Amino acid sequence: MQTLSEPSDQRLTRQSDPNRDPSSFDGKDWGAVDLFRHFLFDQARLSQVPILNGATINWIKPNTLVRFRGMIQDMLGNELYVGAYKDGSAWRTNKFMDISQCPVEFNSPDMRLWERRLLYCVPVPGLSSWAESTSEVAVNMCMDSTSEQRDKRRRMDIEVVDHNDFPVSGDEFEYSPSAKRMKEDPKNEGPCSSHAILPDVDRDSLPCLVKIYDSPESELKLNDVFEFVGVLTFDSELPSEKVDQDEFSNGLCDDVSVNLPPNKVPRLHCVIHRKLTGYDFLQNSPPTEPKPHLVKEAREALLRHLTSILGNDGVAAHFMLLHLLSRVHARADNVAVGKLSLNLTCISKEIASVFGTKLNIVIKNLLPFTKCIPLTMEYLNTAFLAPKKDYQINRLIPGVLQLAEGSHLIFDETCLETGTLDSVGIENTRLLKALIELQKVEYDFQYYKMEMMADIQILILSEGKSNILPADIIMPFQPSSSGSSEAVPAEVLEAWRWYLATVRSMPHTIESDMQKVVENDLVTARQADRSLGSQDFSRWLTMGRLISASFGETSLSLEHWQMVKELERLRIDRLK
């Protein structure tokens, strides 16, 4: 781990063939990515890399390897930088660095301009406390004695001088050191130095500007949640004038240097990135194989808990479980297949203060990303729901509805009173309706609007059927008790989280024999009730898929289809 925590500037510098065609260097990483992938994943040492967040930024030293977990909130385009340049007889690179190692003439034939992508990333909105990653590595680094740090610094300075004076010959060209800057910078004395504190950034929402190298654009999309592993560059005391002069490859990217100065937003030069799933937010290492007995035990225990929380309303608990398992798994025309929004009705302010609070707590304890929004007339008329592009600062200003895939939203309408919607309120109600019906959010780019696909679970608490948020399931709430407040052991919660993450990701099919049964039942239901339409049938099929998944099954059985029809019968009876 010592190798990973040493400054990236102190890597071995090699000479390359001075007569080599510089275009042959384009797109190369000289084995760096393979080396880190082998060390971090093949040897399972990723946990040894400190996590960058609002707490650890105080302890992690710049120019060290870190991990950052976050959502891609904005894509800032590409940045030009001097990727390769000739230093005497040697070719060197500025890859994975902010600062050019020596002055370079842009029109010189002895240099190559390369591109890297800039991603503005933030902690995942609505991240539950249990899903936050902890890292003791940075704290352990800080606990090292001052004398050890100074001794280590002296040894590394000697090594850097040696590498500068006596480069090793070879055909590979690697990273040139910034020994002079590091030796003369008193702030580099150790990871505990106070210069790492961000003065003007919310500690719970530390952003990070991630620089991506040699990666296809299709791999990283807006609102995706990723873990980035790379080299941290950050200096809270660097004057803005010096930033403009030295950072971003001699001023090749002015917008970013002005609006996201590195003394406010840390940079991460990404070496490896991976998209995160629900499994990655589980704190322990649960079994990923959905063994039948584990799934059955988790389902029964979770359903009992939901029933208890909901005042022994077993029917509501069944629908709640299906709702928590739902996700958009396909899109057909304008239909988001798999969504199952739930509207619990017959809930007054008083009832919401009891059951709404308990539901909010239990969902936060189960899902990694969740928010509860009290829906009032004032909120509708003032909230900033849709993201909007600000071309003056070239930034996408986030809105409430810019969320990661798999997020959960609770809308509490019990506080909504009679009033008048202004133009903002009308637009916000339109945005909410589009989200719940189509699973789309319209982003405002001033000159045009763009629909972005979403996958958000939505739960509405209201006294009557919501007119703002037309849910897939309207479920009158009928509790027979005040609900349980019993604490759940941590290991049980972890088992339920594993269960939800596992069964949500399972594939599902309907065998040909069951297709005939379902088709016949749908025809019979349509003959009995002409008001039934394609939306009702789609909802039943979604419920069938979710009930099967809740048992760990990948295909619909007759037993589970009968459960769908019985749940629907009980629900319709309550609506009469």
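Residues numbered from 1 in each chain as written. Predicted model: local features only at pLDDT ≥ 70, side-chain atom pairs only at ≥ 80, totals over all residues. Heavy atoms only, no water.

Peer 1: So, the overall build of the chain: which residues are in play, and what are the values?
Peer 2: In terms of regular secondary structure, the chain is built from 16 helices and 17 strands. At a minimum sequence separation of 6, the contacts of the chain that also span at least 24 residues come to 81%. (Helix = DSSP H or I, 4+ residues; strand = E, 2+ residues; numbered from the N terminus. Contact = heavy atoms within 4.5 Å.)

Peer 1: Residue-level account of the sheet that holds strand β9 (residues 342-345), with values.
Peer 2: Pairing is parallel in the open sheet, where five strands are placed in the order β10-β13-β16-β9-β17. The sheet terminates laterally at β10 (370-374) and β17 (473-476), the two strands that pair on one side only. Shown here is a sheet whose adjacent strand axes are inclined to one another by a mean of 15°, direction ignored. Each of β9, β13 (408-412), β16 (457-461) and β17 touches helix α9 (residues 314-325); the most contacted strand, β16, lies at about 150° to it. (Pairing = 2+ DSSP bridges. Axes fitted to C-alpha atoms, helices over the stretch in contact; angles between N-to-C directions.)

Peer 1: Lay out the pattern of salt bridges in plain terms, naming residues and giving numbers.
Peer 2: Enumeration over the complete set of coordinates arrives at 26 salt bridges. Among the salt bridges present, the one from Asp-98 reaches Lys-211, with a minimum N-O distance of 2.9 Å. Note that Asp-98 is positioned in the loop between β2 (90-93) and β3 (111-122) and Lys-211 in strand β4 (residues 208-212), a separation of 113 residues in sequence. For the pair Asp-98 and Lys-211, one class covers both residues: buried. (Salt bridge = Lys/Arg side-chain N within 4 Å of Asp/Glu carboxyl O. Buried < 20%, exposed > 50% of the residue type's maximum accessible area, 1.4 Å probe, protein only.)

Peer 1: Which residues make up the packing of α9 against helix α13 (residues 490-504), and what are the values?
Peer 2: It is at 9 Å that the axes of α9 and α13 come closest, and there the two elements cross at 65°. Across the interface between the two elements, Leu-321, Leu-324 and Leu-325 of α9 pack against Tyr-499, Leu-500, Val-503 and Arg-504 of α13. Residue composition of the contact of α9 with α13, by class: six nonpolar, no polar and one charged. (Nonpolar A, V, L, I, M, F, W, Y, C, P; charged D, E, K, R; others polar.)

Peer 1: A description of the packing of aromatic side chains should follow, citing residues and the corresponding values.
Peer 2: Under the counting rule described, the total for this entry stands at nine aromatic pairs. Aromatic side chains Tyr-81 and Trp-114 sit 6.2 Å apart centroid to centroid with 85° between the ring planes, which places their arrangement in the edge-to-face category. With Tyr-81 in strand β1 (residues 65-87) and Trp-114 in strand β3, the pair connects residues that are 33 residues apart, well separated along the chain. In this structure, Tyr-81 and Trp-114 share a single accessibility class: buried. Measuring from centroid to centroid gives 5.0 Å for Phe-355 and Phe-477, while their planes differ by 80°, and the two rings are edge-to-face. Here Phe-477 lies in the loop between β17 and α13 and Phe-355 lies in helix α10 (residues 349-366), a separation of 122 residues in the sequence. There is no split in this pair, since Phe-355 and Phe-477 are both buried. (Phe/Tyr/Trp six-rings, centres within 6.5 Å; stacked < 30°, edge-to-face > 60°.)

Peer 1: Account for the nonpolar core, with residues named and values stated.
Peer 2: Here is a general trend for soluble globular proteins: nonpolar side chains tend to be buried in one another's company. In terms of nonpolar packing, the biggest core is built from 72 residues, with Met-320, Leu-344, Leu-359, Leu-366, Leu-459 and Tyr-499 touching the most fellow members. For this core, the element with the most residues is α9, which contributes nine residues. Apart from residues no more than four positions distant in its own chain, Leu-344 is found in contact with Met-320, Leu-359, Leu-459, Ile-460, Leu-461, Ser-462 and Met-475. Among the nonpolar cores identified, the runner-up in size contains 47 residues, and Leu-119, Leu-206, Leu-380 and Ile-468 belong to it. (Core = buried A, V, L, I, M, F, W, Y, C linked by side-chain atoms within 4.5 Å.)

Peer 1: Got a sec to walk through the packing of helix α14 (residues 512-528) against helix α15 (residues 534-550)? Specific residues and values, please.
Peer 2: One can describe the packing of α14 onto α15 by two numbers: an axis separation of 11 Å at closest approach and a directional angle of 140°. The orientation of α14 relative to α15 falls into the category oblique. For the element pair α14 and α15, the recorded crossing hand is right-handed. For the pair α14 and α15, contact is made by Val-518, Leu-522, Ala-525 and Arg-526 and by Phe-537, Trp-540 and Leu-541, respectively. Tallied by class, residues from the contact of α14 with α15 come to six nonpolar, no polar and one charged. (Parallel < 35°, antiparallel > 145°, perpendicular 65-115°, else oblique. Left-handed = near helix turned anticlockwise from the far one by under 90°.)

Peer 1: Tell me about α10, and name the residues and values.
Peer 2: With 18 residues, α10 extends 24 Å between its outermost C-alpha atoms, agreeing within 8% with the 26 Å of an ideal straight helix rising 1.5 Å per residue. The largest bend in α10 amounts to roughly 30° and is located at Phe-355. Regarding α10, the residues found buried are Ala-352, Phe-355, Gly-356, Lys-358, Leu-359, Asn-360, Val-362, Ile-363 and Leu-366. (Expected span 1.5 Å × (residues − 1). Bend = angle between axes of the 7 residues up to and from the residue.)

Peer 1: Explain the state of the cysteines to me, using residue names and the numbers behind them.
Peer 2: Using the criterion set out here, one finds zero disulfides in the structure. For Cys-121, which is in no disulfide, the shortest distance to another cysteine sulfur is to Cys-208 and amounts to 6.8 Å. Not engaged in a disulfide, the cysteine Cys-270 finds its nearest cysteine sulfur in Cys-121; these two sulfurs lie 9.1 Å apart. (Disulfide = S-S within 2.5 Å.)

Peer 1: Go over unusual backbone geometry, please, and point to the residues and values.
Peer 2: Positive phi, normally seen in glycine, also occurs at Asp-333, with a value near 55°. Within the chain, Asn-394 stands out as a residue other than glycine whose phi angle is a positive 55°. With respect to the secondary-structure elements, Asn-394 resides in the loop between β11 (388-390) and β12 (395-397). Classification of Asn-394 by relative accessible area gives partly exposed; the value is 26%.

Peer 1: Which residues make up a nonpolar patch on the surface, and what are the values?
Peer 2: On the surface, Tyr-391, Tyr-447, Tyr-448 and Met-450 cluster together into a nonpolar patch covering about 450 Å² of accessible area. For Met-450, a relative accessible area of 35% gives the class partly exposed. (Patch = residues over 30% accessible without salt bridge, like charges linked within 9 Å, V, L, I, M, F, W, Y side chains within 5 Å. Areas by Shrake-Rupley, 256 points an atom, 1.4 Å probe, with all protein chains shown as cover.)

Peer 1: Kindly report on the pairing of β1, identifying the contributing residues and their values.
Peer 2: In terms of residue burial, β1 counts as a mostly covered element, since 17 of its 23 residues are buried. Pairing between β1 and strand β5 (residues 225-233): seven bridges, direction antiparallel. For Phe-68, the partnering residue across the bridge sits in β5 and is Phe-228. Where β1 lies against β3, eleven bridges are found, and the strand directions are antiparallel. Residue pairing in the sheet places Val-82 in a bridge with Leu-113 of β3. Here β1 runs beside β2; their pairing, made up of four bridges, is antiparallel. Each bridged residue has a counterpart across the sheet, and for Asp-87 the counterpart in β2 is Ala-90. With antiparallel pairing between neighbouring strands as the criterion, β1 and β2 make up a hairpin whose turn holds two residues, including Gly-88 at a positive phi of roughly 70°.

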